[in-house]
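One letter stands for each residue in the lines below.
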Amino acid sequence: MTEAILGLARAHGVATEYTTDRGRRVAVPADTLVAVLGACGVDATTPAAAREALDRHRAEQAARLLPPCVVTRAGEGVTLPRTSVGEVAVEGGGTLPADAPLPPGHHTLRVRAGEREARAPLLAVPDRLAVPDRRAWGLIVQLYSVLSRRSWGMGDLADLAELATWSGRDLGAGFVQLGPLHAVPPGPLPDPSPYRPSSRRFPDPMHVRVEAVPEYAYLDRAGRDAAHALVDQARAVNARVLDGSSLIDRETVRSLKHRALRAVHAVPLSPGRAAAFAAFTAREGQGLTDFATWCALADAHGADWRCWPVELRDPRSPAVARARDDLAESVAFHRWLAWITDEQLAAAQRAAKDAGMAIGLVHDLAVGVAPDGADAWALQHCLAAGMSVGAPPDDFNPLGQDWGQPPWRPDALAAAGYLPFAELLRSNLRHAGALRVDHVMGLFRLWWVPEGRPPSEGTYVRYDAHAMLGALTLEAHRAGASVIGEDLGTVEKGVREELAGRGILGTSVQRFEYVGGSEGRHGPLPPDQWRANCLATLTTHDLPTTAAWLSGEHVELRERLGLLTRPAEAEKAEAASERDGWLAELTRLGLLPSPDGEVAALHRFLPLTPALLLGVWLPDATGDRRPQNLPGTSTVHPNWRLPVSDAEGRPVPLEELPASPLVRTVAGVFADPGPRPAPPSPHHPDPRSTTPSTT
């Protein structure tokens, strides 16, 4: 490996070696570095090309008056060299001297030094987010799994409003945390994971309740008859899911809803509604135009834009502009779908707040997007082609992980002033009291895997965390929302501290909370040693439900599916030892024996921690034993297709949740979360180490 390649890698934040979770240093192969640099627009394919690229980079850096993007704290100015003068064009209009206190926002810095001039995006960001001012608890759900008898085959935004209203008013819940509601690709969904969406900026209209769209009431007779027939079909689909004879079938649900919504779209908007639609369209701007155009083109040419005619693969090409005109009716329909989905999301958050929830909805931002989807097409200038995000090999995934999602290009994001990232944050925060950021460590660095190579041949690429976190906190500050970082997995030293310093909450999951961390496992972490500013839960969508974990059924399931990597008896013994250790801790704390059982006792453990937010996985509260997702499987387990069920596997409709004895018992644990116990002393070392990634 040449010094030029090593120099280029360091200059572009590409790691030339990394340390495994066991502390072993691994050198990154030269061809990996060449591929990753190439994805960043740097030619290092030959020694001569690498030397030339490095010389050019050094010359460009030396000639710069400004970095690609400048980040400063709101309320402060920018300090310039004595030989320079500058001013700031403030977002929304007006100018200020560069050293004047700046309001929060996306501004532009203009600088002059002698005859030289330069400009760069300038982010003025809050120093720290405000965290919720009191302890709260809430339900954690995957919306599709929470069906009512009025659903169309999967849970929808009207069901969400009902869930929030009931749990807020009747149970005293302060929030409902959701899985991602991002738009998924059209067509067949062999992998219906909400964590591999087509677009993170726009939610999927599949979540709309058709009858709640105001224009539905004004269908003409023919439209009404057609819509009612579709409603009848949807109710039949819904009934089969609720009687346990069918899994959730998104493709059928989407087909029925799209057919009904096309009829509703034909109903003229009233003047007030037309004005609201126009305001939404103006607010969303080019991003909405791109998304609606991609949807229309996908309807015409298939869901993978990489297989479209070459002239349609560039969203700014004249051919795409012509196609947009030719497909104007379809583009208008998809714009309208985005609007009515946004309206129903807003209504669900209003319902949550009206029910007394301090936070309301907590949305979930997936770590990336599918490479063939809408965002990958519209934002391809900011994404690294030929690369996929993943994770290096570790004890839990000895081959590493490849998540099949293109990463952001750090250089392109900086040149764009982080606006592409900010815009999708803004969209996800608009109707939220908080935002969960999946794999929040990805704001610091991501593991890039070159296409066609195993995850073990990837490397870390570093981002400007100051800017990424600045964009995140700026948008959350503007929305008046909190941020919860999913910081499970291999976490660099200092990352959790940096997040906490900015007011970003962490995530603590009982299954991973041990003295010495997941590797040491010197017994369960006592409640007074848990983190304070975090969301604390017993489990996640990727882990066994609490009932299955207690019974050992999660090991039996993996054994039946042939997923064990060790003898079954060894796996069962380890699972039993883990469970018994926690039951012993509950006994020590006086939580067992309990007439309410072990599931309730485990939930009673959570309020003993100083955690600010306490989350209840809804399937835990119904006694469900099946995991919503079994990582590493796609065909042998019905991932992301199961309704919330009881201990016998019988689906539980939303209407029956209020009468569930276990739901009442678990919710009663949190009826009065009370004051938080004192957090652990900041002078004590964190007794945890790394925890395995769950998404």
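Residues numbered from 1 in each chain as written. Predicted model: local features only at pLDDT ≥ 70, side-chain atom pairs only at ≥ 80, totals over all residues. Heavy atoms only, no water.

Asks: I'd like a rundown of the nonpolar core, residues and numbers included.
Replies: Judged by nonpolar contacts, the single largest core of 113 residues is most densely connected at Leu261, Trp336, Trp408, Tyr418 and Trp448. Those residues in contact with Trp336 that lie beyond four places of it in its chain are Val213, Leu261, Val264, His265, Leu269 and Phe277. With 54 residues, the next largest nonpolar core counts Trp166, Leu591, Phe605 and Leu614 among its residues. (Core = buried A, V, L, I, M, F, W, Y, C linked by side-chain atoms within 4.5 Å. Buried < 20%, exposed > 50% of the residue type's maximum accessible area, 1.4 Å probe, protein only. Contact = heavy atoms within 4.5 Å.)

Asks: Describe the pairing of strand β18 (residues 482-485), and please don't skip the residues or the numbers.
Replies: Both faces of β18 are covered, namely the face carrying Ser482 and Ile484 and the face carrying Val483 and Gly485. Across 4 bridges, strand β15 (residues 434-437) lies against β18 in parallel orientation. Within the sheet, the bridge partner assigned to Arg436 lies in β18 and is Ile484. (Helix = DSSP H or I, 4+ residues; strand = E, 2+ residues; numbered from the N terminus. Pairing = 2+ DSSP bridges.)

Asks: Account for unusual backbone geometry, with residues named and values stated.
Replies: Look at the link from Leu592 to Pro593: it is a cis peptide, with omega at -5 degrees. Positive phi, normally seen in glycine, also occurs at His439, with a value near 45 degrees. Locating His439 in the fold gives a position in the loop between β15 and β16 (445-450). Its identity as a non-glycine residue notwithstanding, Trp640 has a phi of 60 degrees, on the positive side. Following the sequence through the fold, Trp640 ends up in the loop between α20 (618-622) and α21 (661-669). Accessibility expressed as a relative area gives 3% for Trp640, which makes it buried.

Asks: Help me get a handle on the packing of aromatic side chains, residues and values and all.
Replies: Within this structure, the stated rule accounts for 14 aromatic pairs. Centroid distance Tyr195 to Trp640: 5.8 Å. Interplanar angle 50 degrees. Geometry classified as tilted. Taken as a pair, Tyr195 in the loop between β10 (182-183) and β11 (199-203) and Trp640 in the loop between α20 and α21 lie far apart in primary sequence, 445 residues in all. When sorted by exposure, Tyr195 lands in the same class as Trp640, which is buried. Put simply, the rings of Tyr514, Trp530, Trp582 and Phe605 pair up and form one aromatic cluster. Its guanidinium or amino end placed over the ring of Tyr144, Arg250 lies 4.4 Å from that ring's centre, counting from NZ or CZ. (Phe/Tyr/Trp six-rings, centres within 6.5 Å; stacked < 30°, edge-to-face > 60°. Lys NZ or Arg CZ within 6 Å of the ring centre and 35° of its normal.)

Asks: Help me get a handle on helix α6 (residues 250-265), residues and values and all.
Replies: With 16 residues, α6 extends 21 Å from end C-alpha to end C-alpha; this agrees with the ideal 22 Å at 1.5 Å per step. For α6, every residue scored as buried is listed here: Arg250, Val253, Arg254, Leu256, Lys257, Ala260, Leu261 and Val264. All buried residues of α6 project into a common sector of 165 degrees when viewed along the axis, lining one side. Structurally, α6 contributes buried residues whose contacts are with α5 (221-242) and α9 (328-354). (Expected span 1.5 Å × (residues − 1). Arc of directions from axis to C-beta.)

Asks: An account of the sheet that holds strand β17 (residues 459-462) is requested, with residue identities and associated values reported.
Replies: With respect to topology, 4 strands assemble into an open sheet ordered β14-β13-β16-β17, the strand pairing being antiparallel. Each edge of the open sheet is held by one strand with a lone partner, namely β14 (401-402) and β17. Pairing between β16 and β17: 4 bridges, direction antiparallel. Along β17, the bridge assignment pairs Leu446 with Val461.

Asks: Break down the sheet that holds strand β6 (residues 105-113) for me, citing the residues and quoting the values.
Replies: Spatially, 5 strands are ordered β3-β7-β6-β4-β5 in an open sheet, and the strand pairing comes out mixed. Two strands close off the open sheet at either side, each with one partner strand: β3 (70-73) and β5 (95-97). Pairs of neighbouring strands in the sheet enclose a mean axial angle of 30 degrees, with direction left out of account. One ladder, built from 3 bridges, connects strand β4 (residues 85-89) with β5; its direction is antiparallel. In the strand pairing of β5, Val88 is matched with Leu96. (Axes fitted to C-alpha atoms, helices over the stretch in contact; angles between N-to-C directions.)

Asks: An account of the packing of helix α19 (residues 598-605) against α21 is requested, with residue identities and associated values reported.
Replies: One can describe the packing of α19 onto α21 by two numbers: an axis separation of 9 Å at closest approach and a directional angle of 20 degrees. One element, α19, and the other, α21, form an angle in the roughly parallel class. In terms of crossing hand, the pair formed by α19 and α21 is right-handed. Seen from α19, the contacting residues are Ala600, His603 and Arg604; seen from α21, they are Thr665, Val666 and Val669. Class assignment for the residues of the contact of α19 with α21 results in 3 nonpolar, 2 polar and 1 charged. (Parallel < 35°, antiparallel > 145°, perpendicular 65-115°, else oblique. Left-handed = near helix turned anticlockwise from the far one by under 90°. Nonpolar A, V, L, I, M, F, W, Y, C, P; charged D, E, K, R; others polar.)

Asks: Any chance you could break down the pattern of salt bridges for me, citing the residues and the numbers?
Replies: Evaluated as defined, the whole model comprises 41 salt bridges. The salt bridge partner of Arg436 is Asp438, with a shortest N-O separation of 3.5 Å. Neither residue differs from the other here; Arg436 and Asp438 are each classed as buried. With a shortest N-O distance of 2.8 Å, Glu498 and Arg502 are connected by a salt bridge. For Glu498, a relative accessible area of 32% puts it in the partly exposed group. Judged by its relative accessible area of 8%, Arg502 falls in the buried class. Counted as one network, the salt bridges with shared partners bring together Arg201, Arg283, Glu284, Asp342, Glu423 and Arg430. (Salt bridge = Lys/Arg side-chain N within 4 Å of Asp/Glu carboxyl O.)

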